[in-house]
Amino acid sequence: MNILIIGNPSPDLVRLIKNSKYSKKIFTAVHNGKTDFPNIEYNSFGELITKAQSLKIDIAINTDKTLIIEGIAEEFSKSRINMISVNSKWLNLETSRLASKRLLMHYKINTPRVIAVPLDFPVVIKTDFPNCDIVANSTKEVVSLMEKFEGQKTFFEEFIEGPTFNIYAIWDKKNIK
C-alpha cells in the first residue's frame, strides 16, 4: 500500500507504519518538512489531493486536529481517497472536554466533579478544547487565569492526585481496536 501521513505524526506511529508488512511506499505531508520519507508540500487540500492521486495513495492518515477542523477528511472523502481521521462533525465529540464530561456522567463513569464556584483549593481550570489544564491554588489565581481564558469555554473541576490517561480507539463499524 502507498501511505500518506499528514500532520506531525508521533515517532511511534511512523515506526508502526514503516514496519507494517502492508506498507509499500510511505509519503508525508508534514508541516516542518523533517521526515525520513518523501515530503509533499502543498498550499491547499485540492493540491494535496491531486498529488496524492498522482502518487496512487491507497490510504492517508491524518494526525492534525487543525486540518480536521478545516475539513480535510471531508475533502479526501469527496475525492475517494481513504483516510484514517475523524471528520469535523465528530471532532467535537473527540476533543470537547465538556461533551466527554457529559458522557461520563451520563453513564455513571467516575470522573472528577465539575465545580460551579471554586471554594476549596486547589482547583483545576480546564478549557473545552484540550489545550490547557491549570491548577489554581487561590481565588486570586482563578481570577487571573479566567482573564487569560476570556472568550474560551472553561470549567472548574475538583483537583485529584494521580495520573491522567488518554484512551484512543479505532473503529471500523464492526470492531474496536
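Here, the structure is the one placed above.
Here is what the cut-offs are and how they apply
- Residues numbered from 1 in each chain as written.
- Predicted model: local features only at pLDDT ≥ 70, side-chain atom pairs only at ≥ 80, totals over all residues.
- Heavy atoms only, no water.
- Helix = DSSP H or I, 4+ residues; strand = E, 2+ residues; numbered from the N terminus.
- Rg over C-alpha atoms; globule rule 2.2 N^0.38 Å.
- Buried < 20%, exposed > 50% of the residue type's maximum accessible area, 1.4 Å probe, protein only.
- Contact = heavy atoms within 4.5 Å.
- Areas by Shrake-Rupley, 256 points an atom, 1.4 Å probe, with all protein chains shown as cover.
- Pairing = 2+ DSSP bridges.
- Core = buried A, V, L, I, M, F, W, Y, C linked by side-chain atoms within 4.5 Å.
- Axes fitted to C-alpha atoms, helices over the stretch in contact; angles between N-to-C directions.
- Salt bridge = Lys/Arg side-chain N within 4 Å of Asp/Glu carboxyl O.

Novice: So what exactly am I meant to see when it comes to the overall build of the protein here?
Specialist: What the protein contains, in helices and strands, is 7 helices and 8 strands. In terms of overall size, the protein is more extended than a compact globule, its C-alpha atoms giving a radius of gyration of 20 Å where 177 residues would be expected to give roughly 16 Å. Along the first, second and third principal axes, the C-alpha atoms of the protein reach 60 × 35 × 30 Å. For the protein, the residues scored as buried account for 33% of the 177 residues in total. Looking at the protein alone, contacts between residues at least 24 apart form 49% of all its contacts between residues at least 6 apart. For the protein, the accessible surface area stands at approximately 12400 Å², while carbon and sulfur atoms represent 54% of it.

Novice: Where do I start with unusual backbone geometry in this structure?
Specialist: Glycine aside, residues mostly have negative phi, and peptide bonds are mostly found in the trans state. Omega for the bond connecting F121 with P122 falls within 30 degrees of zero, at 5 degrees, which places this linkage in the cis form. Along the chain, P122 falls in the loop between β5 (114-115) and β6 (123-127). Its identity as a non-glycine residue notwithstanding, K56 has a phi of 55 degrees, on the positive side. Within the fold, K56 resides in the loop between α2 (45-54) and β3 (59-62). The class for K56 is exposed, based on a relative accessible area of 61%. The phi torsion at K108 lies on the positive side, around 55 degrees, for a residue other than glycine. Of note, K108 is situated in the loop between α6 (97-106) and β5.

Novice: What's the story with the pairing of β3 in this structure? I'm lost.
Specialist: Regular strands place side chains that alternate from one sheet face to the opposite one. Neither face of β3 is open: one carries I59 and I61, the other A60 and N62, and all of them are buried. Alignment of β3 against strand β4 (residues 82-84), held across 3 bridges, turns out to be parallel. Each residue of the ladder has a partner; that of I59, found in β4, is N82.

Novice: Explain the nonpolar core here, please?
Specialist: One broad trend across soluble globular proteins is that nonpolar side chains are buried collectively. Counting 18 residues, the largest nonpolar core has L4, I6, A29, L48, I72, F76 and M83 as the members making the most contacts within it. Considering every element that reaches this core, the biggest residue donor is α2, with 4 residues. The residues contacting F76, other than those within four sequence positions of it, are L4, I6, L48, I49, A60, I81 and M83. Membership of the second largest hydrophobic core comes to 9 residues, among which are V123, A136, L145 and F156.

Novice: Help me understand the sheet that holds β3, please; the structure alone is not making it clear to me.
Specialist: What links the strands of a sheet is backbone hydrogen bonding, and the strands pair in either a parallel or an antiparallel sense. In space, the 4 strands of this open sheet follow the order β2-β1-β3-β4, with parallel pairing throughout. Taken across any chain shown, the strands that pair with only one partner, and hence form the sheet edges, are β2 (25-29) and β4. Strand-to-strand twist of the sheet, defined as the mean angle between neighbouring strand axes without regard to direction, takes the value 25 degrees. Here strand β1 (residues 2-6) runs beside β3; their pairing, made up of 4 bridges, is parallel. Paired with L4 across the strands is A60, a residue of β3.

Novice: It is not clear to me how the pattern of salt bridges should be interpreted in this structure. Could you clarify?
Specialist: Opposite charge on two side chains permits pairing when their charged atoms draw close. Scanning the model with the defined rule gives 7 salt bridges in all. A salt bridge links D12 to R15; the nearest nitrogen and oxygen atoms lie 2.4 Å apart. Of the two residues, D12 and R15 both sit in helix α1 (residues 11-19), 3 residues apart, roughly one turn of that helix. D12 sits in the partly exposed class, given a relative accessible area of 45%. Linking E157 and K126 is a salt bridge whose minimum nitrogen-to-oxygen distance equals 3.0 Å. Placement of E157 in strand β8 (residues 154-158) and of K126 in strand β6 is noted, with a sequence separation of 31 residues between them. By the burial criterion, E157 is buried, and K126 matches it.

Geometric descriptors of this kind do not, in isolation, establish any biological role.
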